[in-house]
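Structure assessment
Listed here are the chains, written in short residue letters.
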Protein chains: 2
Amino acid sequence: MSPQEFRQFGHRTVDWIADYWERLESLPVAPEVAPGQVRGLLPRHPPEHGEPFEALLHDLDGIVVPGLLHWQHPRFLGYFPANTSGPAVLADLLSAGLGVQGMTWSTSPACTELEQHVLDWLVEILGLPDRFRSDGSGGGVIQDTASSALLVALVSALHRAGKGMVRREGTGGRRFGLYVTGETHSSAVKAAIIAGLGEQSVRQVRTDPATLALDVSHLRTLVMRDVADGVTPLLAVATVGTTSTTAVDPVAAIGEVCRRHGIWLHVDAAYAGVAAVCPELRWLNEGVAEHADSYCTNPHKWLLTTFDCDAFWVADRAWLTEAMTILPEYLRNAATESGLVTDYRNWQVPLGRRFRALKLWAVIRWYGVEGLRRHIRQGIGLAAELAEWIRADERFELAAPHPLSLVCFRLRTPPDADPDTANLRLLERVNASGTTFLTHSRIHDRVVLRIAVGGTFTQRHHVEQAWQCLAQEASRILRSTPA
Amino acid sequence: MSPQEFRQFGHRTVDWIADYWERLESLPVAPEVAPGQVRGLLPRHPPEHGEPFEALLHDLDGIVVPGLLHWQHPRFLGYFPANTSGPAVLADLLSAGLGVQGMTWSTSPACTELEQHVLDWLVEILGLPDRFRSDGSGGGVIQDTASSALLVALVSALHRAGKGMVRREGTGGRRFGLYVTGETHSSAVKAAIIAGLGEQSVRQVRTDPATLALDVSHLRTLVMRDVADGVTPLLAVATVGTTSTTAVDPVAAIGEVCRRHGIWLHVDAAYAGVAAVCPELRWLNEGVAEHADSYCTNPHKWLLTTFDCDAFWVADRAWLTEAMTILPEYLRNAATESGLVTDYRNWQVPLGRRFRALKLWAVIRWYGVEGLRRHIRQGIGLAAELAEWIRADERFELAAPHPLSLVCFRLRTPPDADPDTANLRLLERVNASGTTFLTHSRIHDRVVLRIAVGGTFTQRHHVEQAWQCLAQEASRILRSTPA
């Protein structure tokens, strides 16, 4: 494709996206497709000859879009939001057009330095500790997701705990303990598997029944038990904003235990961390400055930055880079050998890396810090309002605190009806309506429905429409449920 | 940013990229910047108030571009190419604009199904075995890079070798052997570290001095030694197109050893695999059909697909998904429970995933298979021509076979001069000229220079210009070198 053709089709593509965003509201949020249905519409064999660009856009409209769950739909309220936004998309487009590799500083100096700079900005914006800054002992890096961030935190923790032995000899011959709760993200167990520790290394710390936050006295008990058993307490995950309910673990108290036992404290604030852009939510960072060895939050969830962009910081980058650095001849260069530069390839699993800092830079500059605050506050405000509607409606009950932009609730059912069945049926009906899309979780083994506000395009009337749909379907279900 | 503003700035951004591609030739390939220089031009603090989009483009031109190594420059001939192309960039733009998540089938069915479909197409295009297809026991998935592909292959191999024990209990208490050569990509050692096996698990198999390909008889010796020592032979990496010289390991013979000892065979064809689009290069797949447990190649290197796009296949997907699947309540859904769908989150380290299949789909459709062949053949033809120029010039010598689009060579130096110093000085001067950009490696501990053709925009006259620059600088160096 020549630059001239690129110009022409590029304008078409930009217009396609603008049109898509404008017509999103008219589309059902969730698709109605059966497994294999999309593939059934695609040609069995690849084309021998090139096709016009229009053919792609045609099939995008006819085959792909009808098979999508529209995450950017203003009435998408499932999982957590996956914010995309104009400035992020355009900066990401620039990244694709530039097509540079940031694996080492020397493979594109601006790619590394802009990333360091923007992550230092983010430390300031979120009120994170100075020791996360690149001009101290720590530093930030963009990972694809919080799962990968946790995995490299775990590798760093093993390096520190084993005093370098693990890198040489592996984890064999020594047992390690990881501390999580039933509310911790599943990526913790996944990281334990990938890092060769196995599921058996993962200790489930109890949570407080009311707050669903980690119970520190039980953590202490489990750590002491491990120490007595000859297991090395290795890493604790403190979650700031759990996936099911946005519960917040007591980072400071967990940190005290970690410090006493040399445990690596990883703070997973994937969803909630970005909310600290608002001074009134700085309490989300409590204990982080004093105790966190590593920390991550995802601008690609709730801070208007197109996936993938997980911001990950370490307090002492040496553990990370010493654990992961391998320097083959073909990557040797004067800048690396000078010791004056950061080579991000040593901070992550992949070698290659895209210029992802551009999109974070664009988002911060386009919105300004006040614009980011406005976005977070809007999500929280709408969630609070929604929670009031739920509280005021006797057919429903709130199921957990809602400190941020997620509301967990359930339909109240007659004593002889199965509440889980009724709630899952409600979920199914609401989602089948196409009006909105919600997801569920369980609290104390009981089904709850989740409404996560915070999408880029979500306004008050969208939440209202979703609530109306929910109320309507609830009435139908309650009418048909044996009373 | 409203859809209307997005339309306006989007057109500007598309034009910026088209202009950049058009003026690339006039830019020095490599930047002249010192560590910290780019950061020194950026404001110390983030902006409180939003800035106009023009400010971003202004700083892109003034601060970022001068600090980039231009990987898409037609005279960029370093490392391996990192192809970007119009259709890939535009499809990637669509992916950002759609902003959907493909972690499970149900979170956007078309995202998963298009990926399965396009990877089945690629099996056909590259002549890979049917057992890699998604309608058999195997299947393909897009990973970010070959490093991540190798890591998940290793996790799968551990699951198979330990009959599920490793997932539960970790790697502890049992020793495993990994077989690579000195030419294998550094990601193998990195994967061994991350997976908790440690560097000690990695066996360096000797290579043939002439071809730099793995010496199968030495592999046999090392495997037998491990068996005798109570070490479980776990995984062998066969590289098709090594990073230093594009050497090709004897996959079939390695596969025989693997089969006998239950070793997982991972074929790393990151750079060269895509060349099998040409029937005359199908020999690159020799042994893959019979022996490979997993295989990867990177369309983001030499097949016109913007980073990141590593195509990874397994012959039996059960090992992969059984090793990695964890199903928290908040991801439960009817489609997953039906067993009829693929949830790609279980095929990779991260949970979230972008709609990357779009760009591969766009590339295959825009160029057609014949267009892909043309691109590969052009790179190979230019490399062959360049190798002839080098061979005909008595100041130089070819340093390795050049079966594909990489040529390794060195400057001949007088007997009393240090050849490594002279060659590194030549590299430095050529790169400092801004005319072209090359990288180096070592063969048998002697420095060689590498010219990797295959960039999206590279034509014959660019290679000629690079060669002229090289010849000119060589003359200067030889004049100043004691004879």
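What you see is a predicted model; the values in this text were computed from it and never measured.

Scanning chain A from terminus to terminus reveals 17 helices and 11 strands. By the compact-globule yardstick of 23 Å for 483 residues, chain A fits well, its C-alpha radius of gyration being 24 Å. The 483 residues of chain A split such that 69% are buried. Counted over contacts in chain A with a minimum sequence separation of 6, partners at least 24 positions apart contribute 75%.

Next up on the list: the packing of helix H1 (residues 3-23) of chain A against helix H4 (residues 86-98) of chain B. Axis separation between H1 of chain A and H4 of chain B bottoms out at 10 Å; the angle between their running directions is 10 degrees. Classified by the interaxial angle, the pair formed by H1 of chain A and H4 of chain B is roughly parallel. Residues Phe-6, Phe-9, Gly-10, Thr-13, Val-14, Trp-16, Ile-17, Tyr-20 and Trp-21 of chain A of H1 of chain A pack against Gly-86, Val-89, Leu-90, Leu-93, Leu-94, Gly-97 and Leu-98 of chain B of H4 of chain B. Split by residue class, the contact of H1 of chain A with H4 of chain B holds 12 nonpolar, 4 polar and no charged.

With that out of the way, let us pick up the relation of the copies chain A and chain B. Mapping chain A onto chain B leaves a residual RMSD of 0.0 Å; the transformation is a rotation of 180 degrees accompanied by 0.0 Å of translation along its axis. The operation mapping one copy onto its partner corresponds to a two-fold rotation axis. For chain A, the residue whose C-alpha comes nearest the rotation axis is Gly-172 of chain A, separated from it by 1.7 Å. Both copies present the same face, since 100% of the interface residues in chain A are matched by interface residues at the equivalent positions in chain B.

Another aspect to go through is the domain arrangement of chain A. Residue and element names in this part refer to chain A. The domain boundaries assigned to chain A delineate domain 1 (1-30 + 69-84 + 369-483), domain 2 (37-66) and domain 3 (100-354). Computed from C-alpha atoms alone, the centre-to-centre distance between domain 1 and domain 3 is 30 Å. Listed per partner, the contact involves 26 residues of domain 1 and 28 residues of domain 3. Summed over both partners, the interface of domain 1 with domain 3 comes to about 2400 Å²; 68% of that surface belongs to carbon and sulfur atoms. Considering only the side of domain 1, the residues that lose the most area to domain 3 are Phe-80, Ile-376 and Leu-404, jointly responsible for 27% of the buried surface there. Here Arg-377 ties to Glu-280 by a salt bridge, and the two come within 2.6 Å at their closest N and O atoms. At the boundary of domain 1 with domain 3, the tally comes to 12 residue pairs in polar contact (both at pLDDT 80 or more).

Okay, the side chain of His-117 of chain B next. When you line up the elements, His-117 of chain B lands in helix H5 (residues 109-126). If we ignore the near neighbours within four places in the chain, the residues touching His-117 of chain B are Arg-39, Leu-42, Pro-43 and Arg-44 of chain A.

Here we take up the pairing of strand E6 (residues 294-297) of chain B. Residues and elements named next belong to chain B. Going residue by residue along E6, you find Ser-294 and Cys-296 tucked away on one face and Tyr-295 and Thr-297 tucked away on the opposite face as well. Judged from the 3 bridges that link them, strand E5 (residues 264-268) and E6 form a sheet pairing that is parallel. Within E6, the residue paired with Asp-268 across the bridge is Cys-296. In this sheet, strand E7 (residues 310-314) lies alongside E6 in antiparallel orientation, the contact comprising 4 bridges. Across the sheet, residue Tyr-295 finds its bridge partner in E7, namely Trp-313.

Take the packing of helix H6 (residues 146-161) of chain B against helix H13 (residues 317-324) of chain B next. Residue and element names in this part refer to chain B. Where H6 meets H13, the closest approach of the two axes is 8 Å, and the angle between their N-to-C directions is 90 degrees. Taken together, H6 and H13 sit at an angle that is classed as roughly perpendicular. For the pair H6 and H13, contact is made by Val-152, Val-155, Ser-156, His-159 and Arg-160 and by Trp-319, Leu-320, Glu-322, Ala-323 and Met-324, respectively. Residues of the contact of H6 with H13, tallied by class, amount to 6 nonpolar, 2 polar and 2 charged.

Moving on, we get to the environment of Ser-244 of chain A. Counting through the fold element by element, Ser-244 of chain A comes out in the loop between strand E4 (232-239) and helix H10 (251-261). The spacing of Ser-244 of chain A and Leu-158 of chain A is 86 residues in sequence and 29 Å in space, taken between C-alpha atoms. The contact partners of Ser-244 of chain A, leaving out residues within four places of it in the chain, are Glu-183, Leu-406, Cys-408, Ser-441, Arg-442 and Arg-450 of chain A together with Tyr-330 of chain B. Looking at Ser-244 of chain A, its side chain comes within polar contact range of the side chain of Ser-441 of chain A, at 2.5 Å.

With that settled, consider the sheet that holds strand E10 (residues 439-443) of chain A. All names here are of chain A. Strand order in the open sheet made by the 4 strands is E8-E9-E11-E10, with antiparallel pairing throughout. Either end of the sheet is taken by a strand with one partner, and the two such strands are strand E8 (396-398) and E10. Sheet twist, expressed as the mean angle between neighbouring strand axes with direction ignored, is 40 degrees. In the sheet, E8 pairs with strand E9 (residues 406-411) via 3 bridges, with the strands oriented antiparallel. Paired with Glu-397 across the bridge in E9 is Arg-410. The strands touched by helix H16 (residues 419-433) are E8, E9, E10 and strand E11 (446-452); relative to E11, the strand with the most contacts, the crossing angle is about 30 degrees.

Our next topic: the pattern of salt bridges. One pass over the full model with this rule turns up 66 salt bridges over all chains. Asp-59 of chain A serves as the salt-bridge partner of Arg-365 of chain B, at 2.7 Å between the closest nitrogen and oxygen. Of this pair, Arg-365 of chain B sits in helix H15 (residues 357-392) while Asp-59 of chain A sits in helix H3 (residues 53-64), which puts the two residues in different chains. One salt bridge in this structure joins Glu-329 of chain B and Arg-442 of chain A, with 3.1 Å as the shortest N-O distance. With Glu-329 of chain B in the loop between H13 and helix H14 (334-338) and Arg-442 of chain A in strand E10, this residue pair bridges two chains.

When the pLDDT values of chain A are averaged, the result is 96; 99% of them are 70 or greater. Predicted complex metrics record ipTM = 0.97 and pTM = 0.97.

Another aspect to go through is helix H13 (residues 317-324) of chain A. Those residues of H13 of chain A that fall on the buried side of the exposure criterion are Leu-320, Ala-323 and Met-324 of chain A. One face of H13 of chain A carries all of its buried residues, which in axial projection span an arc of 80 degrees. In this structure, the buried side of H13 of chain A is in contact with helix H6 (146-161), helix H7 (165-169) and strand E7 (310-314) of chain A together with helix H8 (187-194) of chain B.

This part is about the interface of chain A and chain B. How large an interface is tends to be reported as the accessible area lost when its parts come together. Between chain A and chain B, the residue contacts involve 149 residues of the former and 149 residues of the latter. For the pair chain A and chain B, the summed buried surface comes to about 13500 Å²; carbon and sulfur atoms form 63% of the total. In this assembly, chain A and chain B are joined by 20 salt bridges. Between Arg-373 of chain A and Glu-48 of chain B there is a salt bridge whose closest N-O contact spans 2.9 Å. The interface formed by chain A and chain B includes 79 residue pairs in polar contact (both at pLDDT 80 or more).

Definitions and cut-offs
- Residues numbered from 1 in each chain as written.
- Chains lettered and ligands numbered in written order.
- Predicted model: local features only at pLDDT ≥ 70, side-chain atom pairs only at ≥ 80, totals over all residues.
- Heavy atoms only, no water.
- Helix = DSSP H or I, 4+ residues; strand = E, 2+ residues; numbered from the N terminus.
- Rg over C-alpha atoms; globule rule 2.2 N^0.38 Å.
- Buried < 20%, exposed > 50% of the residue type's maximum accessible area, 1.4 Å probe, protein only.
- Contact = heavy atoms within 4.5 Å.
- Axes fitted to C-alpha atoms, helices over the stretch in contact; angles between N-to-C directions.
- Parallel < 35°, antiparallel > 145°, perpendicular 65-115°, else oblique.
- Nonpolar A, V, L, I, M, F, W, Y, C, P; charged D, E, K, R; others polar.
- Least-squares fit on C-alpha atoms with pLDDT ≥ 70 in both.
- Domains from an automatic or database assignment.
- Buried area = accessible area lost by both parts, 1.4 Å probe.
- Salt bridge = Lys/Arg side-chain N within 4 Å of Asp/Glu carboxyl O.
- Polar contact = N/O pair within 3.5 Å; in protein donor to acceptor, adjacent residues only side chain to side chain.
- Pairing = 2+ DSSP bridges.
- pLDDT = per-residue confidence, 0-100.
- Arc of directions from axis to C-beta.

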